[in-house]
Amino acid sequence: MQVNIILNGTKITAEAAPDTLLIDFVRAHGCYSVKRGCETSNCGLCTVFLDDVPVLSCSVLAARADGHRVTTLEGLQEEAAEFGAFIADQGAEQCGFCNPGFIMNALALFREKEYPTEEEIKEYLAGNLCRCSGYEGQLRGIQNFLAWKKSKTGGCRMKNVNKAFRKKDAMQLVTGKPVYMDDLAPADCLIVKLYRSPHANAMVERIDTSVAKKVPGIEAIFTWEDVDQNARRYTQAGQTYPEASPYDRLVIDRHVRFVGDVVAIVVGKDEKCVEKAMKLIKVEYQVLEPVLDFHTAKDNPILVHPEDNWESLSPVGADNKRNLCAHDACGDGDIDAVLAKCDVVIDRVYHTKACQQAMMETFRTCCWMDLYGRLNILSSTQIVFHTRRNVANALHIPKSMIRVIKPRIGGGFGAKQTAVSAIYPAFVTWKTKKPCKLIFTREESQTASSPRHEMEMHVRLGATKDGIVKGIDLYTLSNTGAYGEHGPTTVGLSGHKSIPLYGKAEAFRFVSDVVYTNHMSAGAYRGYGATQGLFAVESAVNELAARLHMDPFKIREMNIVKEGDVMPAYYGAVNTSCALDRCLKKSTR
């Protein structure tokens, strides 16, 4: 059908399918400020004006806009730059992915109410999600902008360091310039989608793609039969070589290890033909019993990785025949004797669940071949050089044949410290020599990605009746899921970044196991394992304070590590720089 709209003051007449969404229509006409974030009409990233009224373009058909005016941030550059400067001065633009939708709604608010109150601002912008900032920076930016409008003098100044310095790309972010992967991808990219396993543990017995390949527009469908199952495996972890994370992956493995593991890669000219083809793929599985409880994973007769080409490059105590991704034990002093002499021993088990980073921009990568026969990868990643090595290992080609480019990324928080999306389009382009792109849906980013490691920590913490911590005994059990990305390294921080905080301890013991299970693979997340360990140890200290009827701040001031102290639990290092005691003192005022 034909759609006629006035887009940012220009009349546009174009053919569109009846089910085309307004977001896809305006992006197809160069309005890259409009972003897709949640896919459930909840994030506000796709906000545009329809006849000057803010609407969610992911929930409006392009046909509904026929005969109407549509305005995106590209059509409001002067207003966006004027207001956005105040957001930039607060550093509140952060990753920038949510900025255009937020600024569109803020401008709509200012048109309705010239000087809204703080409560009115919060209520009006409640539908705009931002994963980075915590919203306080945006609120300060709005208030400074409104104050400037009233006085037309002065500007924004930060309280503590006197002067605000903008990031170099701040104004590009607040004005919605095309700086992200899907804004920069070649227009002729093939679309890549991943056909995923419905089973937690299974062998693919038979896969029939013959009917799916006949769908018009389908370029290729790759299965385990296109990947040497005896080839050297690889890891997707962003770590320096030799990686601590085991080499336990193939691009497509006949053995699928979690609900969501890749069974086939489907490639076509557009999303419609790819989605149609995916429904026509027929798979027969030999369903195997999964390992779902990480308490029973170690030495379980069911092996997550029984294959002989599994490999651990670093001495981290890994053993795939025991479902162990890593094991370690260290200590100093006689912890059992020290705890036996303590007046009080807190003996507790703490459990932290896996949780998602939930960055606003999902995992995404596009690839193309250049004139020199090199594979070019444009990926929303935190690990440019590691991705290069990971792809080289996965495809068994030299690193010199690969170039990885990192655009502005719409949030990562550690999730993109694993090459979650890069391998598959790289495989497709290397095979077909054609440009392609893979963009994870929000559901895929939640169910087949790299969340924080689930951990269980058994803490025994002993102290005198006066509150002096004498010893800490910590055992951490970490669930790495189906693959071992960052498993051996995150678990170390659960102890090495928590136990050393208590500098008066005479002894410590830290033992850890990282186990494979048939759950989604875990990965990096802010804190990188320290978060889990600190929750456990600090909770135990709080319970100690309660048992002794002491102020929890006081008990920490008495025990906290200080500058110049030797930290046995942190590899025997000397604490050469530390203001923790001063921070605690200031926080109690």
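This text follows the structure it describes.
Residues numbered from 1 in each chain as written. Predicted model: local features only at pLDDT ≥ 70, side-chain atom pairs only at ≥ 80, totals over all residues. Heavy atoms only, no water.

Residues Val251, Ile265, Leu375 and Val391 are the most contacted members of the largest nonpolar core, which totals 73 residues. In terms of residue count, the dominant contributor to this core is strand β10 (residues 262-268) (six residues). Every residue in contact with Val391, bar those within four places of it in the chain, is listed here: Leu375, Ile377, His396, Ile402, Ala422, Ile423 and Ala426. (Core = buried A, V, L, I, M, F, W, Y, C linked by side-chain atoms within 4.5 Å. Buried < 20%, exposed > 50% of the residue type's maximum accessible area, 1.4 Å probe, protein only. Helix = DSSP H or I, 4+ residues; strand = E, 2+ residues; numbered from the N terminus. Contact = heavy atoms within 4.5 Å.)

Now for the environment of Val274. Here Val274 is to be found in helix α8 (residues 271-279). What makes Val274 buried here is its relative accessible area of 0%. Along the backbone, Val274 and Ala88 are 186 residues apart, and their C-alpha atoms lie at a distance of 40 Å. Look past the residues within four positions of Val274 in its chain and what remains in contact with it is Ile191, Lys193, Ile218, Val266, Val267 and Gly268.

It is worth spelling out the packing of helix α15 (residues 552-559) against helix α16 (residues 580-587) at this point. A pair of packed helices is captured by two measures, namely the crossing angle of their axes and the spacing between those axes. Look at α15 against α16: their axes get within 10 Å of each other, and the N-to-C directions meet at 160°. The angle between α15 and α16 places the two elements in the roughly antiparallel class. Crossing angle aside, the handedness with which α15 passes α16 is left-handed. Along its contact with α15, which presents Phe553, Arg556 and Glu557, the element α16 presents Leu584, Lys585 and Ser587. Across the contact of α15 with α16, the residue classes break down as two nonpolar, one polar and three charged. (Axes fitted to C-alpha atoms, helices over the stretch in contact; angles between N-to-C directions. Parallel < 35°, antiparallel > 145°, perpendicular 65-115°, else oblique. Left-handed = near helix turned anticlockwise from the far one by under 90°. Nonpolar A, V, L, I, M, F, W, Y, C, P; charged D, E, K, R; others polar.)

Bringing the pairing of strand β15 (residues 375-379) into the picture now. Counting buried positions along β15 gives five out of five residues, so the element sits mostly inside the fold. Alternating positions in β15 separate into two faces, Leu375, Ile377 and Ser379 on one and Asn376 and Leu378 on the other, with burial throughout. Across five bridges, strand β14 (residues 364-369) lies against β15 in antiparallel orientation. Residue Met369 lies in a different strand from β15, and its bridge partner there is Leu375. A loop of five residues connects β14 with β15, the two strands running antiparallel in sequence, and Gly373 in this loop sits at a positive phi of about 80°. Taken together, the four bridges between β15 and strand β16 (residues 402-405) define a ladder with parallel strand orientation. Across the sheet, residue Leu375 finds its bridge partner in β16, namely Ile402. Handedness of the β-α-β unit built from β15, helix α10 (residues 384-395) and β16 comes out right-handed. (Pairing = 2+ DSSP bridges. Right-handed = clockwise from strand over helix to strand, strands pointing away.)

For the rest of this paragraph, the subject is the pairing of β10. Burial runs high along β10: seven of the seven residues are buried. Judged from the six bridges that link them, strand β6 (residues 190-196) and β10 form a sheet pairing that is antiparallel. Considered in β10, the bridge of Arg196 is made with Val262. Alignment of strand β8 (residues 218-222) against β10, held across four bridges, turns out to be antiparallel. Within the sheet, the bridge partner assigned to Phe222 lies in β10 and is Ile265.

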